[in-house]
Every structure is written in structure tokens, then in C-alpha cells.
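# Report on the structure
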Amino acid sequence: MAGAALRLPTGRVLACEPWTGFPDGAHRDAFIQRVQPGVYPVELVVATFSDPVDPRGDTTFDEVAAARLLIRPEPVAAWRLALREGQDDAELADGELYGYPVDGATGSFGSPEVFDGLKNAEDPDIVMDIVTGLEAPDKVAVYTDELTGDNLVIFSSGGDGYYGTWIGYTAGGEVACFVTDFLTLTAK
């Protein structure tokens, strides 16, 4: 697992393709479930696959299967879909979920406040410049606002698509983690 630390100044969490939430929709699109303000680790789960067309099986490739924002290192007793204001998971049909679209094979965890800083950044392409530094699927890139210290942890999504973020709850009902599933490991 590769990862980085994420600062959440108000305990509000946002998962998005970094330039999709940038900058005006960030406060609207943050999850309604909050955590204590603090600094939390973001970890990537990377799956290694053999190339099916390689007859010897020597060729492998890595793909990000999931990204986890760890709030409490406790076992997860229940999972619920992360929701934004106005969303109700009871309204979803089987197989439907709320999530975020990815069109550039990139996801992120951040706070809505970091996008306020990006709105005022001198270089409007700063996030794109940082993303080009992602050399391999197991790498993360971090943008940090120099004035506030707020940051955005950016990572490969394993491909384009529509991905949901789930919240793992402890037996005591506390948020243990946020996990975005990139649908890499699916049952056939």
C-alpha cells in the first residue's frame, strides 16, 4: 500500500476527480458524514495482474483497486454509502449507487477548503501539473496550499468510470474509514 497524509481542517471529506470538484462544487459535493478535524492517512490498495495474452505469464501490471482514508484503526462492523446533501440511499434501486465520474483515470480525497485555495491559486493548471507526476499506479501526488496547509491527495483510479465511496463504521457507530472502490476486483 502506498499513501500520504490528508489534513481535514473541518472534518468534511470530499472524494472526486480532482479537477471535477475544482473549485466551486467542493462545498456542495462534500459528504454529509463528518469526522473530527485532523490529519489522516490515505492508503491505496494496488492489485497486480498477469497479462492474459502473455503465454509465459511473465508480464504483469498494477492497477489501483481502492483508495482508503483511514479515520480509526478499528474493525469495520458495517458499510454505508457516503452521501452528499440531498442524497438518500433508500431511493436507489439494486445495483445503483451515488459516486463520482472519472474521465482522466484520477481520483482524490480532500477537504472542500483545499479547493478554496485552488480557486485563488496563481497557476490554474497546478493540479494538472501535479497529476502528471503520478508515475505508477501505486504512487500518490499531494497538492498543499502554502497559506493554509490544507491538502489534496491525488491518485490513479485504475481507469475511467463512475465510482462510489463507502464509509466503514465501527461496532460503536463511529466512522472508521472512507473507501472508494474502483471496481477492479469484481466477482465474475
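Residues numbered from 1 in each chain as written. Predicted model: local features only at pLDDT ≥ 70, side-chain atom pairs only at ≥ 80, totals over all residues. Heavy atoms only, no water.

## Some details on the sheet that holds strand 7 (residues 106-110)
Across the sheet, which stays open at both edges, the four strands sit in the order 2-7-9-8 with antiparallel pairing between neighbours. At either end of the open sheet lies a strand with only one pairing partner, and these are strand 2 (14-16) and strand 8 (140-144). Taken over all neighbouring pairs, the strand axes of this sheet differ in orientation by 20 degrees on average, direction set aside. Here strand 8 pairs with strand 9 (residues 151-156) via five bridges, running antiparallel. Residue pairing in the sheet places A141 in a bridge with I154 of strand 9. Running over the sheet, helix 2 (residues 112-119) touches strand 2, strand 7, strand 8 and strand 9 and is turned about 95 degrees from strand 9. (Pairing = 2+ DSSP bridges. Helix = DSSP H or I, 4+ residues; strand = E, 2+ residues; numbered from the N terminus. Axes fitted to C-alpha atoms, helices over the stretch in contact; angles between N-to-C directions. Contact = heavy atoms within 4.5 Å.)

## Quick word on the environment of L6
Tracing the backbone shows L6 in strand 1 (residues 3-8). Residues L6 and V142 lie 136 residues apart in sequence; the distance between their C-alpha atoms is 8.8 Å. With residues near it in sequence (within four places) discarded, L6 still touches G38, V39, Y40, V42, L69, F109, G110, N151, L152 and V153.

By themselves, these figures tell us nothing about what the structure is for.
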